Amino acid sequence: MAGWNVRDIPDQRGRAAVVTGANSGIGYVTARELARRGARVLLACRSEERGGAAVERLAAEVPHADARFAPLDLADLSSVREFAAAYPREHGRLDLLIDNAGVMALPQGRTADGFETQFGVNHLGHFALTGLLMPLLLATPGARVVSVSSVLHALGTVDLHDLNTERPYRRWIAYGRSKTANLLFVHELARRLAAAGSDVVAAAAHPGYAATDLMSAGPRMEGRRGTELFMAVGSRFVALSAQAGAVPTLYAATAPGVRPDSFTGPSALSRRGTPVRAARARWTLDDRAARLLWEASERLTGVTYDALPA
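Residues numbered from 1 in each chain as written. Predicted model: local features only at pLDDT ≥ 70, side-chain atom pairs only at ≥ 80, totals over all residues. Heavy atoms only, no water.

Enquirer: In this structure, what is going on with the pattern of salt bridges? I would like to understand it.
Expert: Once their charged atoms are close, side chains differing in charge can pair, the charge on each being opposite to the other. Under the defined criterion, the tally for this structure stands at 13 salt bridges. Notably, a salt bridge pairs Glu33 with Arg32, separated by 2.8 Å at the nearest N-O pair. What makes Glu33 buried here is its relative accessible area of 3%. Arg32 gets classed as buried once you look at its relative accessible area, which sits at 8%. The partner of Glu188 in a salt bridge is Arg192, with the nearest N and O atoms 2.8 Å apart. Here the residue Glu188 and the residue Arg192 both occupy positions in helix α5 (residues 171–195), the gap between them amounting to four residues, near one helical turn. Comparing Glu188 with Arg192, the two get one shared label, buried. Within the structure, one salt-bridge network assembled from shared partners comprises Arg32, Glu33, Arg36, Arg57 and Glu61. (Salt bridge = Lys/Arg side-chain N within 4 Å of Asp/Glu carboxyl O. Buried < 20%, exposed > 50% of the residue type's maximum accessible area, 1.4 Å probe, protein only. Helix = DSSP H or I, 4+ residues; strand = E, 2+ residues; numbered from the N terminus.)

Enquirer: How should I be thinking about unusual backbone geometry in this particular structure?
Expert: The phi torsion of most residues other than glycine is negative, and most of the peptide bonds are trans. Omega for the bond connecting Arg167 with Pro168 falls within 30 degrees of zero, at -20°, which places this linkage in the cis form. You can see Pro168 is positioned in the loop between β5 (144–148) and α5. Here Ala105, not a glycine, exhibits a phi torsion of approximately 50°, which is positive. Tracing the backbone through its elements, the reader meets Ala105 in the loop between β4 (96–99) and α4 (117–138). A positive phi angle, close to 45°, is found at Thr165, a residue other than glycine. Locating Thr165 in the fold gives a position in the loop between β5 and α5.

Enquirer: I would appreciate a short explanation of the environment of Val41 in the present structure.
Expert: You can see Val41 is positioned in strand β2 (residues 40–45). In the structure, Val41 is positioned 14 residues away from Val55 in sequence and 9.9 Å away in space, judged by C-alpha atoms. Setting aside residues no more than four positions away along its own chain, Val41 makes contact with Ala17, Val19, Ala31, Leu34, Ala35, Asp66, Ala67 and Arg68. (Contact = heavy atoms within 4.5 Å.)

Enquirer: Sorry, what's going on with the pairing of β4 here?
Expert: A regular strand places its side chains so that they alternate between the two faces of the sheet. Of the two faces of β4, the one carrying Leu96 and Ile98 and the one carrying Leu97 and Asp99 are both buried. Crossover β4 to β5 through α4 is right-handed. (Right-handed = clockwise from strand over helix to strand, strands pointing away.)

Enquirer: How should I be thinking about the packing of α5 against helix α10 (residues 287–301) in this particular structure?
Expert: Between two packed helices, what matters for the description is the angle formed by their axes and the separation of those axes. Taken N-terminus to C-terminus, the directions of α5 and α10 make an angle of 95°; their axes are 9 Å apart at the nearest point. On the basis of their axis angle, the class for α5 and α10 is roughly perpendicular. Residues Ala181, Leu184, Phe185, His187, Glu188, Leu189 and Arg192 of α5 pack against Asp287, Ala289, Ala290, Arg291, Leu293 and Trp294 of α10. Classifying every residue of the contact of α5 with α10 by side-chain character gives eight nonpolar, one polar and four charged. (Axes fitted to C-alpha atoms, helices over the stretch in contact; angles between N-to-C directions. Parallel < 35°, antiparallel > 145°, perpendicular 65-115°, else oblique. Nonpolar A, V, L, I, M, F, W, Y, C, P; charged D, E, K, R; others polar.)

Enquirer: Explain the side chain of Arg15 here, please?
Expert: Within the secondary structure, Arg15 is located in the segment before β1 (16–20). A distance of 2.9 Å separates the side chain of Arg15 from the side chain of Gln12, its partner in a polar contact. The residues contacting Arg15, other than those within four sequence positions of it, are Ala39, Arg40, Asp95, Leu96 and Gly142. (Polar contact = N/O pair within 3.5 Å; in protein donor to acceptor, adjacent residues only side chain to side chain.)

Now the structure itself:
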């Protein structure tokens, strides 16, 4: 990994990528840099207005880019199913699925299907999306799935008896648990892919403290202007840029030799996002917890990974 940066991304011509939440932040940078290297990129975003604007911006920055928008609301499983049903009809392959979209420290809320918002969007929406697209991933040689987690997964492990964090609801704990869920998902997915003899690589990454709109969303929703301003100032003077924060994701998605179930983050000694092996809480490598979360996720979403043995 030493010194790796976006200029080291291998040629992506002929490859197809889906990046969720690609209208801004590290998702946008990820999509842009993959397109810059020749990948056909689909920006999967909830807002048609912001997604369309992101495609226009990307085309201006990378004139040769093959980038398009498609609607995807991870807080609504019917939208996830619609996206996954349409994708194989319109695209012949899927080399890279970047499960990037997420929400952070929101006030208590529910998805369209009744799940706590952070668990529903950050984990269950991506669990369902990946499962529905798994047949296409398995059919594409060298495909990868990259889940974007967070260092804040260390705030807590998943409570299998309280997946919606209702006893009581604490927004940062709920966020940490959803990011732990991302890592447990990758852990179990990597195990099942290996058992199936597949060469699909499931890996995880995190952006460190990156300057995106993620941390301001909760205060903005509640009208806490002072907190929103504080977050904005911190992002400007302390955080990594979105460009730097996307480097670990791009490494996990494209670098040769990325290991299944690896976790990549930015070096604390670099402002350029130089990727290094990231520390992860021991509970994210718990085989039993990963299996039980997987089984619960299948029940909750109705999505099963039939092509992968249990």
